[in-house]
Amino acid sequence: MNNNNLAGHQAFAPMYRLDNAASAGSHKPRPTRRAPGNVPYVVDNLWEWSRPEEFPSRRHCVCASPSAALAQQLGGTSGGAVFTINNLVGARVAQIPQQDARFHLDATSLHKTLLKLLGLAWVGDDKNLDGMLAIAPLWMPCLPRENAKALFKNHRSLAEIEQRLRAAIKFWDDAKLVSSNDPYPFPDGEIFFEADSWDLI
């Protein structure tokens, strides 16, 4: 992780998370990628493909809210409890304006944009089956970033639309990095972070 004070705890404005009631205590990141449960796989793959290096990856991130009430409202964990996230070490933190990533416009429009750029005639033509199979990994869960880059480099159908597709992705334009001790840029926006460790209190 590349934030300041990596050896010690970083102080961020309060953030809250609804989690399993037995989750209190210290945590470290999972070694595996996390498939999204609230946005289409193809959208998640395009977000990771286009992610600026300085932002946390949503594949390994922890999501939170800027208020306990909002964390409770958004739910997602039956019988869970709202925890304060504290004692972050080596954290990269970002926030979006929307309460949850599933409410971002990309979540419902980006896959349509991709098909439109590819060309509905091309997509619907059985003669292009081999070409469609070649780019099908874009729709699989957790396509690694490097594999996505390779698809756009090696397949003409994607290479031709790469710049227009990048311009259509608005998630990272809307997201803001959050520094320790700074207020959150959005009052109700989803917070997401990667860190070497953190506590749920």
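Anyway, here's the lowdown on the structure attached to this text. All values derive from a computational prediction rather than experimental measurement.

**So, the overall build of the chain**
Thinking step 1. Across its full length, the chain holds nine helices and nine strands.
Thinking step 2. Computed over its C-alpha atoms, the radius of gyration of the chain comes to 18 Å, within 12% of the 17 Å expected for a compact globule of 201 residues.
Thinking step 3. A principal-axis box enclosing the C-alpha atoms of the chain has dimensions of 55 × 35 × 30 Å.
Thinking step 4. Within the chain, the fraction of its 201 residues that count as buried is 44%.

**Some words on the environment of G37**
Thinking step 1. Mapping G37 onto the fold places it in the loop between strand 3 (25-27) and helix 1 (41-50).
Thinking step 2. Taking the C-alpha atoms as reference, G37 lies 9.2 Å from R102; in sequence the two are 65 residues apart.

**Re the pattern of salt bridges**
Thinking step 1. What the rule picks out here adds up to ten salt bridges.
Thinking step 2. Across the pair E190 and R58 runs a salt bridge, and its minimum N-O distance is 2.9 Å. Placement of E190 in the loop between strand 7 (176-178) and strand 8 (191-194) and of R58 in the loop between helix 1 and strand 4 (62-64) is noted, with a sequence separation of 132 residues between them.
Thinking step 3. Residue class for E190 comes out buried when judged on its relative accessible area of 4%.
Thinking step 4. The exposure class assigned to R58 is buried, which follows from its relative accessible area of 9%.
Thinking step 5. For R166, the salt bridge goes to E162, with nearest N and O atoms at 3.3 Å. Of this pair, R166 and E162 both sit in helix 8 (residues 162-168), four residues apart, roughly one helical turn.
Thinking step 6. A relative accessible area of 32% places R166 in the partly exposed class.

**Here's the deal with the packing of helix 1 against helix 6 (residues 145-154)**
Thinking step 1. At their nearest, the axes of helix 1 and helix 6 sit 9 Å apart, and the two run at 90° to each other. Taken together, the axes of helix 1 and helix 6 lie roughly perpendicular to each other. Packed against helix 1, whose contacting residues are L46, E48 and W49, the element helix 6 presents R145, A148, K149 and F152 at the interface.
Thinking step 2. Residue classes in the contact of helix 1 with helix 6 are distributed as four nonpolar, no polar and three charged.

**Observations concerning helix 1**
Thinking step 1. Here helix 1 lies mainly inside the structure; nine of its ten residues are buried.
Thinking step 2. Of the surrounding elements, those touching the buried residues of helix 1 are helix 3 (105-118), helix 6, helix 8 and helix 9 (171-174).

**Examining unusual backbone geometry**
Negative phi is the rule for most residues except glycine; trans is the rule for most peptide bonds.
Thinking step 1. Of note, the phi angle at C142 is positive, near 60°, even though the residue is not glycine.
Thinking step 2. Secondary-structure assignment places C142 in the loop between helix 5 (129-135) and helix 6.
Thinking step 3. Of note in the backbone geometry, N181 takes a positive phi value of approximately 75° without being a glycine.
Thinking step 4. Since its relative accessible area comes to 63%, N181 is described here as exposed.

**Looking at the side chain of N45**
Thinking step 1. In this structure, N45 sits in helix 1.
Thinking step 2. For N45, the side chain forms a polar contact with the main-chain oxygen of L138, separated by 2.7 Å.
Thinking step 3. Here M140 takes part through its backbone oxygen, which lies 2.7 Å from a polar atom of the side chain of N45.
Thinking step 4. Among all residues touching N45, those that are not within four sequence positions of it are R59, P137, L138, W139, M140, C142 and L143.

**Notes on the sheet that holds strand 4**
Thinking step 1. The four strands are arranged 4-8-6-7 in an open sheet whose pairing can be described as antiparallel. Looking along the sheet, the strands with just one partner apiece sit at the ends: strand 4 and strand 7. Going from strand to strand, the sheet's axes swing by 30° on average, the running direction of each strand aside.

**Side note on the nonpolar core**
Thinking step 1. Membership of the largest hydrophobic core comes to 30 residues, with the highest contact counts inside it found for L46, W47, L114, L138, L158, W172 and F192.
Thinking step 2. Secondary structure elements with two or more residues in this core: helix 1, helix 3, helix 6 and helix 9.
Thinking step 3. In contact with W172, not counting residues within four places along its chain, are W47, S50, R51, P52, F55, P56, R58 and F192.
Thinking step 4. Formed by 16 residues, the second largest nonpolar core is a distinct cluster that contains F12, I85, A91 and Y184.

Rules used throughout
One numbering rule holds for all chains: residues counted from 1, following each sequence as written. At least 70 in pLDDT is required for a residue's local features to be given in this predicted model, at least 80 for side-chain atom pairs to be given and counted, and no such filter applies to totals for whole chains, interfaces and linings, which use all residues. Hydrogens and water molecules were not included; the side-chain quantities draw on all heavy atoms of the structure. Going along the chain from the N terminus, every DSSP run of H or I of four or more residues is numbered as a helix, and every run of E of two or more is numbered as a strand. Radius of gyration: over C-alpha atoms. The globule rule applied is 2.2 Å multiplied by the number of residues raised to the 0.38 power. Three exposure classes are used, based on accessible area relative to the maximum for each residue type with a 1.4 Å probe and protein chains only: buried under 20%, partly exposed in between, and exposed over 50%. In the sections that follow, a salt bridge refers to a side-chain nitrogen of Lys or Arg positioned within 4 Å of a carboxyl oxygen of Asp or Glu. Angles here are taken between N-to-C directions and fall from 0 to 180 degrees, while the axes themselves are lines fitted to C-alpha atoms, restricted in helices to the stretch in contact. Any angle from 65 to 115 degrees is called roughly perpendicular, while one under 35 is roughly parallel, one over 145 is roughly antiparallel, and all others are oblique. Two residues qualify as a contact provided that any one of their heavy atoms is within 4.5 Å of a heavy atom in the partner residue. When residues are grouped by polarity, Ala, Val, Leu, Ile, Met, Phe, Trp, Tyr, Cys and Pro land in nonpolar, Asp, Glu, Lys and Arg in charged, and all others, Gly among them, in polar. N or O atoms closer than or at 3.5 Å make up a polar contact, with two conditions inside protein: a donor-capable atom paired with an acceptor-capable one, and, for residues adjacent in sequence, both atoms drawn from side chains. The pairing criterion for strands is at least two bridges between them, as found by DSSP. Throughout this description, the term nonpolar core refers to a set of buried Ala, Val, Leu, Ile, Met, Phe, Trp, Tyr and Cys residues connected via side-chain atoms within 4.5 Å.

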